[in-house]
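# Summary of the model geometry
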Amino acid sequence: MKTIKSACFLKSETDFKNYKGFGYPEIVFAGRSNVGKSSLINLIANNGKLAKVSATQGKTKLVNFFLFNDEFLLVDLPGYGYASAGKDEQERWAKMINCYLENSKQIKCAILLVDIRHTPTKQDIQILDYFTFNNIPVTIVATKLDKIKNSEKQRNLANISATLKVGINNIFVVSAEKKIGRDELVQRIYQFIDGE
Ligand code: GDP
């Protein structure tokens, strides 16, 4: 079984015009702001302080690179979909992400986070389509499992599965709060890194 032995912040980028990568395979993390992305990154890293868990939304939009096990980069895309974002800001976001996805030659897979309590949004579907269009395999992660009753789990997963048109087997379930789902997700990431 693969485990995470080290994780550190590498750098943040905003401009990908001349992006050449850092020589590591890249795993992209995307999702609405507040979906629990920072918390999940911290869970995987086993370091509660690696990615900031933000109380306030809509701060500077940076793409953060974290180096795991000296083997792969976890690429933390800025969260989207917060209420206060204007059209200009959304366009800047899309431009930056497009530029990154077009210029990176090393993306192995994308992890798209959705909140297990909610139906995925139009923007979730858009970014999923965009990954697929760029031939990037996507794994869906449903976050905050601890926030629902056990009896709701299957119904919520079926709803996410139907909305995103992905098989229920392609949805991983996590709780950063209860530390659920970490090992499974790490194995999944390594399947893509090792090209299995
Ligand atoms: P991000 O904006 O996607 O990076 O989301 P954060 O990781 O900052 O989390 C947003 C909020 O959801 C914070 O208040 C977290 O404490 C909370 N949160 C994140 N993951 C979980 C979880 O698994 N369970 C619960 N109950 N709360 C969570």
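Now for a quick tour of the structure. Each chain carries its own residue numbering, running from 1 in the written order of its sequence. Reporting of local features is limited, given that this is a predicted model, to residues whose pLDDT is at least 70; pairs of side-chain atoms are given and counted only at 80 or more, and all residues count toward the totals for whole chains, interfaces and linings. The side-chain values count all of the structure's non-hydrogen atoms but skip hydrogen atoms and water molecules.

### Some points on the layout of surface pockets
In this model, the second largest pocket occupies a volume close to 350 Å³. In the cavity and pocket records, a cavity denotes points on a 1 Å grid over the protein atoms alone where a 1.4 Å probe fits but cannot get out, a pocket denotes an open set with protein on both sides within 12 Å along at least 5 of 7 lines, and lining residues are residues with an atom within 4 Å of a point. Around the second largest pocket, the lining is made up of 17 residues, and of these Gln 90, Trp 93, Ala 94, Gln 123 and Gln 126 lie nearest the centre. If you list the elements that add at least two residues to the lining of the second largest pocket, you get helix 2 (87-103) and helix 3 (122-133). Here the element with the most residues in the lining of the second largest pocket is helix 2; it accounts for seven residues. Along the lines of polarity and charge, the residues of the lining of the second largest pocket split into eight nonpolar, six polar and three charged. Grid points are joined across faces, edges and corners, and a volume is the space filled by probe spheres set on the points. Numbering of helices and strands starts at the N terminus; helices are DSSP runs of H or I of at least 4 residues and strands are runs of E of at least 2. Each residue gets one of three labels, nonpolar for Ala, Val, Leu, Ile, Met, Phe, Trp, Tyr, Cys and Pro, charged for Asp, Glu, Lys and Arg, and polar for the others, Gly among them.

### Details of the packing of helix 1 (residues 37-45) against helix 5 (residues 182-193)
Lines are fitted to the C-alpha atoms to define the axes, a helix being fitted only along its stretch in contact, and any angle between axes, read from their N-to-C directions, falls within 0 to 180 degrees. The geometry of helix 1 relative to helix 5 is characterised by a closest axis approach of 10 Å and an angle of 85° between their N-to-C directions. As the angle between them shows, helix 1 and helix 5 are arranged roughly perpendicular. Only Arg 182, Leu 185 and Val 186 of helix 5 make contact with helix 1, whose side of the interface consists of Leu 40, Leu 43, Ile 44 and Ala 45. Across the contact of helix 1 with helix 5, the residue classes tally to six nonpolar, no polar and one charged. Orientation is classified from the angle alone, with under 35 degrees giving roughly parallel, over 145 giving roughly antiparallel, 65 to 115 giving roughly perpendicular, and any other angle giving oblique. Contact between two residues is taken to exist if any of their heavy atoms lie within 4.5 Å; hydrogens are not considered.

### Some thoughts on the site of the ligand
Among the 16 residues in the neighbourhood of the ligand, the closest are listed as Asn 34, Lys 37, Ser 38, Ser 39 and Asp 146. Here a polar contact is recorded for every N or O atom pair within 3.5 Å, except that within protein the pair must consist of a potential hydrogen donor and a potential acceptor, and residues adjacent in sequence are included only if both atoms are side-chain atoms. Between Gly 36 and the ligand, the recorded distance is 3.0 Å, taken from a backbone N or O atom to an oxygen atom. In the complex, 80% of the free accessible area of the ligand, which totals 580 Å², lies under the protein chains. A cutoff of 4 Å decides nearness: a residue is near a molecule or strand if any of its heavy atoms lies inside that distance of it. In short, Shrake-Rupley with a 1.4 Å probe defines the accessible areas, and a residue's cover is counted only from the protein chains shown.

### Observations concerning the sheet that holds strand 7 (residues 171-173)
Should DSSP find at least two bridges between two strands, the strands are taken to pair. Strand order in the open sheet made by the seven strands is 1-3-4-2-5-6-7, with mixed pairing throughout. In this open sheet, the two edge strands, each paired with only one partner strand, are strand 1 (7-13) and strand 7. Ignoring which end each strand starts from, the neighbouring axes of this sheet average 25° apart. Pairing of strand 5 (residues 107-115) with strand 6 (residues 138-143), which is carried by six bridges, proceeds in the parallel orientation. Bridged to Val 114 within strand 6 is Ala 142. Where helix 1 meets the sheet, its contacts fall on strand 1, strand 2 (26-31), strand 3 (63-68), strand 4 (72-76), strand 5 and strand 6, and the angle it forms with strand 2 comes to roughly 145°. Lying on the sheet, helix 3 is in contact with strand 2, strand 5 and strand 6; it crosses strand 5 at an angle near 165°.

### Focus: the nonpolar core
If you look at the biggest cluster of nonpolar residues, it comprises 36 residues, and the most contacted ones within it are Leu 77, Tyr 100, Phe 131 and Ile 140. A total of five residues in this core trace back to one element, the largest contributor, which is helix 2. In contact with Phe 131, other than residues within four places in its own chain, are Val 28, Ala 30, Leu 77, Leu 101, Ala 110, Ile 136 and Val 138. Buried Ala, Val, Leu, Ile, Met, Phe, Trp, Tyr and Cys residues that are joined via side-chain atoms within 4.5 Å together make up what is termed a nonpolar core. Exposure categories follow from relative accessible area, calculated using a 1.4 Å probe and restricted to protein chains: below 20% of the type maximum is buried, above 50% is exposed, and the middle band is partly exposed. Core analysis: the second largest hydrophobic core is formed by 27 residues, Leu 43, Leu 50, Val 186 and Tyr 190 among them.

### A few points about the packing of helix 2 against helix 3
Here helix 2 crosses helix 3 at 20°, and the two axes come no closer than 12 Å. Comparing their axes, helix 3 and helix 2 come out roughly parallel. The two elements helix 2 and helix 3 meet at a crossing, and its hand is right-handed. Counting all contacts with helix 2, which are made through Gln 90, Trp 93, Asn 98, Leu 101 and Glu 102, the residues of helix 3 involved are Gln 123, Ile 127, Tyr 130 and Phe 131. Broken down by class, the residue content of the contact of helix 2 with helix 3 amounts to five nonpolar, three polar and one charged. Crossing chirality is assigned from the near helix's rotation relative to the far helix, an anticlockwise turn below a right angle marking it left-handed and a clockwise turn marking it right-handed.

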